[in-house]
Amino acid sequence: MEPQLWRGRLALRVESEPPQSFFAGFELSGHAGQGELRLFSPLGTTLADLRWSPQSATLTNNGETRQFESLDALATQATGTAIPIAALFQWLAGVQTGADGWSADLSQLDDGRLTARRTQPEPSAELRLILER
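Right, let's walk through the structure included here. (Residues numbered from 1 in each chain as written. Predicted model: local features only at pLDDT ≥ 70, side-chain atom pairs only at ≥ 80, totals over all residues. Heavy atoms only, no water.)

Overview of helix H2 (residues 85–92)
The element H2 is extensively covered by neighbouring structure, given that six of its eight residues are classed as buried. Buried within H2 are the following residues: Ile85, Ala87, Leu88, Phe89, Trp91 and Leu92. Immediately beyond the C-terminal end of H2, within one or two residues, lies Gly94, with a positive phi of roughly 85°. (Buried < 20%, exposed > 50% of the residue type's maximum accessible area, 1.4 Å probe, protein only. Helix = DSSP H or I, 4+ residues; strand = E, 2+ residues; numbered from the N terminus.)

This is how it looks when you write it as structure tokens:
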């Protein structure tokens, strides 16, 4: 599979009590089996660096690197909820694919926008991406 690179902004809202929101710039590279997701503050500071391969899943932030048992556990630690990073690669390529409890709206992908919603498990969540052109 040919590695890809996407850049832009993301917003994640979790309908918990109280609701949680997470905003960041992002750079996503690689593919579902091996890749990197870098998250940036509005000022361009690196908030977190997520890297995964078949052998490992690591999160580096605040100068500390931690290992996780899976990409889902890694994403949960970095953003506060499980986001479907593996499915994200398919969605960004314009392929509608299933992810546990998530559905993606790819209708605005040509305009650089992707929205995905999780209905199960609770709490529900919404992930919005705006891609740089």
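Once the structure has been displayed, the description carries forward.
A short note on the environment of Glu36
Relative to the assigned elements, Glu36 resides in strand E3 (residues 34–40). The buried category is assigned to Glu36, whose relative accessible area is 16%. Note: C-alpha distance between Glu36 and Pro121 (85 residues apart in sequence) is 26 Å. Only 3.2 Å separates the side chain of Glu36 from the side chain of Arg51, close enough to count as a polar contact. (Polar contact = N/O pair within 3.5 Å; in protein donor to acceptor, adjacent residues only side chain to side chain.)

Remarks on the pairing of strand E8 (residues 113–118)
The pairing of strand E7 (residues 102–105) with E8 spans four bridges and is classified as antiparallel. Counted as the bridge partner of Trp102 is Arg118 from E8. Pairing geometry for E8 and strand E9 (residues 125–131), over six bridges, is antiparallel. Bridging from a neighbouring strand, Arg113 pairs with Ile130 of E9. (Pairing = 2+ DSSP bridges.)

Concerning helix H1 (residues 71–79)
Considered for burial, the residues of H1 that qualify are Leu71, Ala73, Leu74, Ala75, Ala78 and Thr79. Where H1 is buried, its residues touch strand E1 (4–14), strand E2 (20–31), E3, strand E4 (46–52), strand E5 (57–61) and H2. Immediately beyond the C-terminal end of H1, within one or two residues, lies Gly80, with a positive phi of roughly 95°. (Contact = heavy atoms within 4.5 Å.)

Structural notes on the layout of surface pockets
Counted as a void, the largest pocket has a volume near 200 Å³. What lines the largest pocket is a set of 13 residues, and nearest its centre among them are Asp72, Pro84, Ala99, Asp100 and Trp102. Tallying contributions element by element places H2 first for the lining of the largest pocket, with three residues. Its residues assigned to classes, the lining of the largest pocket shows nine nonpolar, one polar and three charged. (1 Å grid on protein atoms, 1.4 Å probe; cavity = no way out; pocket = protein on both sides within 12 Å on 5 of 7 lines; lining within 4 Å. Points joined across faces, edges and corners; volume = space filled by probe spheres on them. Nonpolar A, V, L, I, M, F, W, Y, C, P; charged D, E, K, R; others polar.)

Some words on the sheet that holds E8
With antiparallel pairing, the nine strands of this open sheet are ordered in space as E6-E5-E4-E3-E2-E1-E9-E8-E7. At either end of the open sheet lies a strand with only one pairing partner, and these are strand E6 (64–67) and E7. When the angles between neighbouring strand axes are averaged without regard to direction, this sheet yields 20°. Strand contacts of H2: E1, E2, E3, E4, E7, E8 and E9, with the helix running at about 70° to E2, the strand carrying the most contacts. (Axes fitted to C-alpha atoms, helices over the stretch in contact; angles between N-to-C directions.)

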